[in-house]
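What follows is each chain in one-letter form.
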There are 2 protein chains.
Amino acid sequence: MATRNIKEVAQLARVSVGTVSNVLNRPEIVSPATRERVFEAIKKLGFVRNEVARHLRVGRSRTVGLVVLDVSNPFFVDVAQGAESVADDHDSMVVLCNSAGDTGRERRHLDQLEQQRVMGILITPVETESPWVEELIARGTPVVLVDSPATGLQCSVAVDDRLGGQIAGAHLIERGHRRIMFVGGPMSIKQVADRHAGVTSAVAAADGAVELLTSSAPTLTVAEGRAIGERVAAQPPDERPTAAFCANDMMALGFLQAMASHGLRVPEDLAIIGYDDIDFAAAAAVPLSSVRQPRELLGRTAIELLLEEVAEPEQHRHRQVIFQPDLVIRESSALRRDS
Amino acid sequence: MATRNIKEVAQLARVSVGTVSNVLNRPEIVSPATRERVFEAIKKLGFVRNEVARHLRVGRSRTVGLVVLDVSNPFFVDVAQGAESVADDHDSMVVLCNSAGDTGRERRHLDQLEQQRVMGILITPVETESPWVEELIARGTPVVLVDSPATGLQCSVAVDDRLGGQIAGAHLIERGHRRIMFVGGPMSIKQVADRHAGVTSAVAAADGAVELLTSSAPTLTVAEGRAIGERVAAQPPDERPTAAFCANDMMALGFLQAMASHGLRVPEDLAIIGYDDIDFAAAAAVPLSSVRQPRELLGRTAIELLLEEVAEPEQHRHRQVIFQPDLVIRESSALRRDS
DNA sequence: AGATTGTTTTGAATCGTCTCAAAGACTCGG
DNA sequence: CCGAGTCTTTGAGACGATTCAAAACAATCT
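Quick caveat: nothing in here was measured; it's all calculated off a predicted structure. (Residues numbered from 1 in each chain as written. Chains lettered and ligands numbered in written order. Predicted model: local features only at pLDDT ≥ 70, side-chain atom pairs only at ≥ 80, totals over all residues. Heavy atoms only, no water.)

## Topic: the protein's contact with DNA strand D
Residues in contact with DNA strand D amount to 23 residues; listed here are only the nearest, Thr-19 and Arg-57 of chain A together with Ile-6, Arg-54 and Arg-57 of chain B. Taken together, the sugar and phosphate atoms account for 68% of what DNA strand D places within 4 Å of the protein. Interatomic distance of 3.1 Å between a side-chain N/O atom of Ser-31 of chain A and a phosphate oxygen of DNA strand D. Between DNA strand D and Ala-53 of chain B there is a distance of 3.5 Å, counted from a base nitrogen to a backbone nitrogen or oxygen. Of all the secondary-structure elements, those providing two or more residues to the surface near DNA strand D are α2 (17-25) and α4 (51-58) of chain A together with α2 (17-25) and α4 (51-58) of chain B. A per-class count over the surface near DNA strand D returns eight nonpolar, eleven polar and four charged. (Near = heavy atom within 4 Å. Polar contact = N/O pair within 3.5 Å; in protein donor to acceptor, adjacent residues only side chain to side chain. Helix = DSSP H or I, 4+ residues; strand = E, 2+ residues; numbered from the N terminus. Nonpolar A, V, L, I, M, F, W, Y, C, P; charged D, E, K, R; others polar.)

## Remarks on the interface of chain B and chain A
Chain B puts 53 residues into the contact, and the matching count from chain A is 53 residues. Between chain B and chain A the total buried area reaches about 4400 Å² when both faces are included, carbon and sulfur atoms providing 59% of it. Broken down residue by residue, the surface that chain B buries against chain A is led by Met-93, Arg-117 and Phe-280 of chain B, which jointly contribute 15%. The tally of links between chain B and chain A comes to 14 residue pairs in polar contact (both at pLDDT 80 or more). If you list the elements that add at least two residues to the side of chain B that touches chain A, you get α4, α5 (74-89), β2 (93-98), α6 (103-115), α10 (222-234), α11 (249-261) and α12 (279-282) of chain B. Here the side of chain B that touches chain A gets seven residues from one element, more than from any other, and that element is α6 of chain B. When grouped by side-chain class, the residues that make up the side of chain B that touches chain A number 26 nonpolar, 15 polar and twelve charged. (Contact = heavy atoms within 4.5 Å. Buried area = accessible area lost by both parts, 1.4 Å probe.)

## Focus: the protein's contact with DNA strand C
Within the structure, DNA strand C sits among 21 residues, and Ile-6, Arg-54 and Arg-57 of chain A together with Ser-16 and Thr-19 of chain B are positioned closest to it. Those atoms of DNA strand C that come within 4 Å of the protein belong to sugar or phosphate at a rate of 75%. Within the side chain of Thr-19 of chain B, one N or O atom sits 2.8 Å away from a phosphate oxygen of DNA strand C. Among the elements of the structure, α2 and α4 of chain A together with α2 and α4 of chain B are those that each provide at least two residues to the surface near DNA strand C. Taken together, the residues of the surface near DNA strand C sort by class into seven nonpolar, ten polar and four charged.

Laid out in structure tokens, this is it:
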């Protein structure tokens, strides 16, 4: 209730409001004596600068919005932490919003962020083509796409998911697997489609006859991974795939659990490889092989591109940064299989 | 760049700014004809209300800060989702901040939130006694403590951790364990201390001679849990505890992994029980028994208390809501042990 | 027509801070 | 002691929306 303002500080310190403002923003141009007086007044009154008024006046905000597909997927939490670490160094702030894969929620968050006049928005959009995002940009909010193809209207950072899928597929084939299942989700999600395309190309490139089965769940969750795993475990051994490539680690963990609860050994009976390399992957009881994405780096780079655009809007040219994924082989696919 | 303001809208619609404001805030008091004209102008110009200016004028913000100890612990993500679901219904917004257990970061976040004049702050403080929080309250920002004892200056929500520890201990004793290890962290963290106190009391209440070992790591992470697990696994079988009660599920998962990688069977060779019941606990290859906390409910209740305080500051009396934890028995502790 | 009541619309004041041109205070050489 | 430079400090507008007393307009009744 007792929120003090700059005027009260000025009164107590017997200076003008302009001087107080100067002390706050360019202390070096004000004489040590008055500066000290002002600081004392600030302390005595418990004055805290009203960032809202400041923002209104200067027109620039210090916060960046980050809208992700699923906060409960640690992958996105890590991306957020990467972004936040950079924001910290620029005394700005990241506000994390969860669209939960829902277009409506995504839109509401974008509206709120735009109304707050945030400095810019980092987003992993629910749908590749998003008119909302384009209008947002047209109205002047800088946007950086995370893990989504750029349209030329903005910068983007992404990881080559096709390559990731290919690496995973090649690895399984090299380990002797001839019957591989892709445990995926809706192909409308670009990441899923690309990873699938990657493993498909790896299969096509193999000499021998490698079979690729594809299953698809509505969402990329632990529960869905487990459900698909249950179905696979119920199949007769000679019909079962010998390896599963899961669209993300959440699904892979669910799949793994289904294997365990049906007494199937991983990797002996069935190898598993996931995607993202979240921390829980390494910590699984059978440590999970996974295609690693540079998660923090993704977030860091995204916000750096944004800050760059904000700093020099004129000479800024939109860029698309693409990182290479990385194969991390752990126990869940470590075994060589004699076909 | 092309951010339109209410004045431009007024001009185009040939009305005064006051009328535009009315259309935005109390459309019912303005005649249908002008209302329509104003809406058209808004659409044509792509006008988006400046929440910053609004906030400055009306003095009330629509955002709530939530400062948590560790975003990479899914427990806190779930708390956040609970809070957000309530915020959604009150068209306000939750901004999630991560103190990462660091007092400095915590303070920076609190400063930023106060400068933004947020409606209020929900916080799981790093340290129980926090002068910053008290000053914050004194200066007029409502605070609700999450999972921390209230000082009477604010509301709080928490789960009875002592009871949780006791339930876990009693369960293990009932299953025949006579040598139990508490896998914990710094006792300065209230949650850890309480859970430890709980299991201690359960042990004291047992007739037979039950031994309680205690180990402590600097942080409650998967890696630390694994490290302690490695040490335990290296002990000769007759010196090893037969059960481990971990301070949270992250540690329990790490511990579990160490068991697996050393060929120790869970629960046959060693039972494990965790705390929080995060989703990954059920999804572990040996599904983890855990003491469940009502995670979303915790977040929901916290923000409801805050909204209540904000709505009626006068007649508001601070309350402390305490929830009961719940034992979820899964495979990792399912076995009855014959001593 | 004039009075009365009710409905819409107006526009000036306000929120707390920043900015910047201009005024004030000092210093120093002549 | 004056005038030319430096430093410091001042104070009057913004910024964009909301509010509210008052004005304008409309409808109804004498």
